[in-house]
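Breakdown of the fold
One letter stands for each residue in the lines below.
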Amino acid sequence: MNRKHSLITTIALACATVVYGQVEVRSEAQVTAASGEHSPLWLNANKYGLSSTDQEYGYLRVGAFRPVESDSVKRWDYGYGADVALAYNIDLPMVVQQAFVEARWMKVQLTVGAKEQPLELKNQELSSGAQTLGINARPVPSIRLAVPQYWDIPGLHGWLAVKGHVAYGLQTDDQWQRDFTHEQSKYTTHTRIHTKAGYLRIGKATKPLTVELGLEMGCQYGGNSYINDEGLMVRLKNNGGLKGAWHAFIPSGYEANEADMVYKNADGNHLGSMLARVNLDYAAWGLSAYVDHFFEDHSQLFFYAHNGYGEGDEWDKKVRRSYFVYDMRDAMWGLELRLKRCVWLQNVVAEYIYTKYQSGPIYHDHTMFMPDQIAGSDNYYNHSVFSGWQHWGQVMGNPLYRSPRYNDNNMLMVLDNRFWALHLAASGTPAAAWHYRVMCSWQRGFGTYGIPLASPQRNLSMLAELTFAPQRLKSLKGWSLKAGLAMDRGELLGDNFGLQLTLGWRMFTKD
């Protein structure tokens with residue numbers, strides 16, 4: 001282990017120092033041991049997929065990064081990153097976690113490759129995670145054009161600012177899906193991913209009160225879907241290329257298996273979130289309230305559907321102004337408290353998540369004999385053609401939606417997407433070298449509309465984590481040691497208890 005650690009660290013340093021500019025070199029060794037059915041939720045979740053639900057796993061990781069902002073005075077700059085792990089019980093013996101190059105011109109940034117992107121409008125360390133663009137799954141190699149930091153709209157004196165991104169990528173878990181399903185249930189290969197997001201800040205960043213609004217959207221499209229049809233695996237070639245990319249960007253078209261059907265859905269697996277966050281920020285404290293409303297289609301995006309169809313010969317015509325109106329029940333509601341002058345308790349996050357509604361339990365397309373159109377049963381994170389909003393078995397959104405990796409029936413489905421949960425977390429730095437984090441999530445799951453649980457199942461997941469990172473001792477500068485204890489209790493994830501130890505080291509080089 002030590003020889004491998006020394007070798008890959010030496011290689012990373014050699015690669016880093018031949019490139020002009022400041023470079024950060026990181027090295028990390030982690031080991032996890034657990035008892036029960038799985039590793040506990042908060043030892044596995046929100047680690048960008050470099051983790052496992054197995055009882056024992058670990059990795060030795062090294063990376064070199066040159067931030068694209070390393071010289072912010074320049075109108076343009078470039079950056080790169082390479083991050084590789086030798087892994088045990090994490091899908092592959094060697095995982096290329098990140099590999100990217102990027103360039104910046106003023107506020108605009110282009111990234112090519114796989115890169116871990118941070119959460120938006122939520123606390124990265126303490127939140128349970130975003131519902132659409134989360135940090136729970138392995139990064140998807142993409143071409144991404146972004147304005148990553150708020151850009152003040154000219155002429156408005158800083159009162160309005162925008163940021164956002166557009167990206168197209170390709171999932172890398174084809175073989176994992178084949179192995180997991182044994183090619184007996186639905187899976188997809190060569191799946192394309194499209195994501196886009198836009199955020200608006202109202203109010204000057206220097207003022208105590210600001211409001212942030214956002215829209216995040218994702219779509220899986222293209223590739224091949226394999227669906228079990230009465231024991232035979234049928235291949236569907238999904239729309240890819242420029243046509244599929246356009247249908248992903250502007251939800252339109254129809255699925256490959258709907259060409260001869262009367263009722264057609266938009267091409268690809270579309271989903272997203274509407275976000276809002278209100279911030280109060282003062283010298284001694286700050287408080288933010290936020291909401292993340294998830295949607296799978298128009299019923300939860302616009303909260304209404306046209307329902308004015310006729311009968312008989314006019315059964316497929318909109319003959320009157322009639323609409324079916326939906327409630328806004330499903331959302332994550334959060335509070336974040338920042339105590340800037342208290343070292344023992346610096347950040348507190350509380351979140352409540354409700355996903356049981358999903359536009360109601362009924363989906364019915366109008367017919368010649370029944371003109372009512374009801375678009376319900378949204379089935380969050382699942383899809384009839386694609387393998388769902390997951391990558392390498394981990395959901396790409398919030399990990400409280402139980403990831404397909406937990407399934408013992410070899411089906412790539414989120415089998416518990418109707419639930420409510422309460423999540424509490426806190427962190428502090430009581431001394432210069434010490435930092436802690438505690439998290440507790442209480443959840444009650446109801447399965448899905450299509451596969452409901454016979455009775456509600458509960459789960460309690462807890463984490464206590466302590467990090468020691470001395471900076472005053474020259475011989476230990478750059479080193480850190482993190483220890484985490486976690487547990488699950490309940491029927492959803494089983495009774496699990498685990499320990500995770502992480503030894504890290506980082507340094508910066510300059511030309």
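Only a predicted model underlies this, so the values are computations on that prediction, with no experimental measurement involved. (Residues numbered from 1 in each chain as written. Predicted model: local features only at pLDDT ≥ 70, side-chain atom pairs only at ≥ 80, totals over all residues. Heavy atoms only, no water.)

What follows covers the nonpolar core. Within the largest apolar cluster, 45 residues are counted, with the highest numbers of intra-cluster contacts made by L41, W42, Y381, W389, L400 and Y401. Elements that contribute at least two residues to this core include exactly α2 (41-44), β2 (56-66), β3 (76-88), β9 (192-202), β13 (269-281), β14 (285-295), β18 (347-354) and β23 (419-431). Beyond its immediate stretch of four places on either side in the chain, Y381 contacts A130, Q131, T132, F294, E296, G388, W389, V395, G397, N398, Y401 and V414. One finds F180, Y226, W392 and L412 within the second-largest nonpolar core, a separate group that totals six residues. (Core = buried A, V, L, I, M, F, W, Y, C linked by side-chain atoms within 4.5 Å. Buried < 20%, exposed > 50% of the residue type's maximum accessible area, 1.4 Å probe, protein only. Helix = DSSP H or I, 4+ residues; strand = E, 2+ residues; numbered from the N terminus. Contact = heavy atoms within 4.5 Å.)

Moving on, we get to unusual backbone geometry. Positive phi outside glycine occurs at Y48, with the angle close to 55°. Relative to the helices and strands, Y48 is located in the loop between α2 and β2. One non-glycine residue, N410, lies in positive phi territory at about 60°. Here N410 lies in the loop between β22 (394-395) and β23. For N410, a relative accessible area of 26% translates into the label partly exposed.

One open sheet holds the three strands; their spatial order is β8-β11-β12, and the pairing between them is antiparallel. Each having just a single partner strand, β8 (187-189) and β12 (232-237) make up the two edges of the open sheet. Ignoring strand direction, the axes of neighbouring strands in this sheet form an average angle of 25°. Sheet analysis places β8 next to strand β11 (residues 224-229), joined by three bridges and oriented antiparallel. Bridging across to β11, T188 finds its partner in S225. (Pairing = 2+ DSSP bridges. Axes fitted to C-alpha atoms, helices over the stretch in contact; angles between N-to-C directions.)

Turning our attention to a negative patch on the surface. Together, E37, D408, E491 and D495 make up a region of like negative charge exposed at the surface. The exposure class assigned to E37 is exposed, which follows from its relative accessible area of 54%. (Patch = residues over 30% accessible without salt bridge, like charges linked within 9 Å, V, L, I, M, F, W, Y side chains within 5 Å. Areas by Shrake-Rupley, 256 points an atom, 1.4 Å probe, with all protein chains shown as cover. Salt bridge = Lys/Arg side-chain N within 4 Å of Asp/Glu carboxyl O. Lys, Arg positive; Asp, Glu negative; His and termini not counted. Charge placed at Lys NZ, Arg CZ, Asp CG, Glu CD.)

Here we take up empty space enclosed by the protein. Evaluated as defined, the whole model comprises three cavities of 30 Å³ or more. Quantified by volume, the largest cavity comes out at close to 70 Å³. As for the largest cavity, its lining consists of L41, P399, L400, R402, Y406, D416, Q443, N459, L492 and L493. When the residues that make up the lining of the largest cavity are grouped by side-chain class, the tally is six nonpolar, two polar and two charged. (1 Å grid on protein atoms, 1.4 Å probe; cavity = no way out; pocket = protein on both sides within 12 Å on 5 of 7 lines; lining within 4 Å. Points joined across faces, edges and corners; volume = space filled by probe spheres on them. Nonpolar A, V, L, I, M, F, W, Y, C, P; charged D, E, K, R; others polar.)

Following the criterion strictly, the structure yields 18 salt bridges and no others. Taking the shortest distance from any N to any O, the salt bridge between E102 and K115 comes out at 3.0 Å. In this pair, E102 is assigned in strand β4 (residues 94-105) and K115 in the loop between β5 (108-114) and β6 (142-152), connecting sequence segments 13 residues apart. Look at E102 and you get buried, because its relative accessible area is 7%. Taking the shortest distance from any N to any O, the salt bridge between E336 and R338 comes out at 3.8 Å. Assigned by exposure class, E336 and R338 land together as buried.

This paragraph deals with helix α4 (residues 241-249). Turning to α4, its buried residues number three or more, namely G244, A245, H247 and A248. For α4, the angular spread of buried residues about the axis comes to 165°, placing them on one side. Exposed residues pointing more than 90 degrees away from the buried face of α4 are listed as L242, K243 and W246. Close packing links the buried residues of α4 with β7 (160-170), β9, β10 (209-221) and β13. (Arc of directions from axis to C-beta.)

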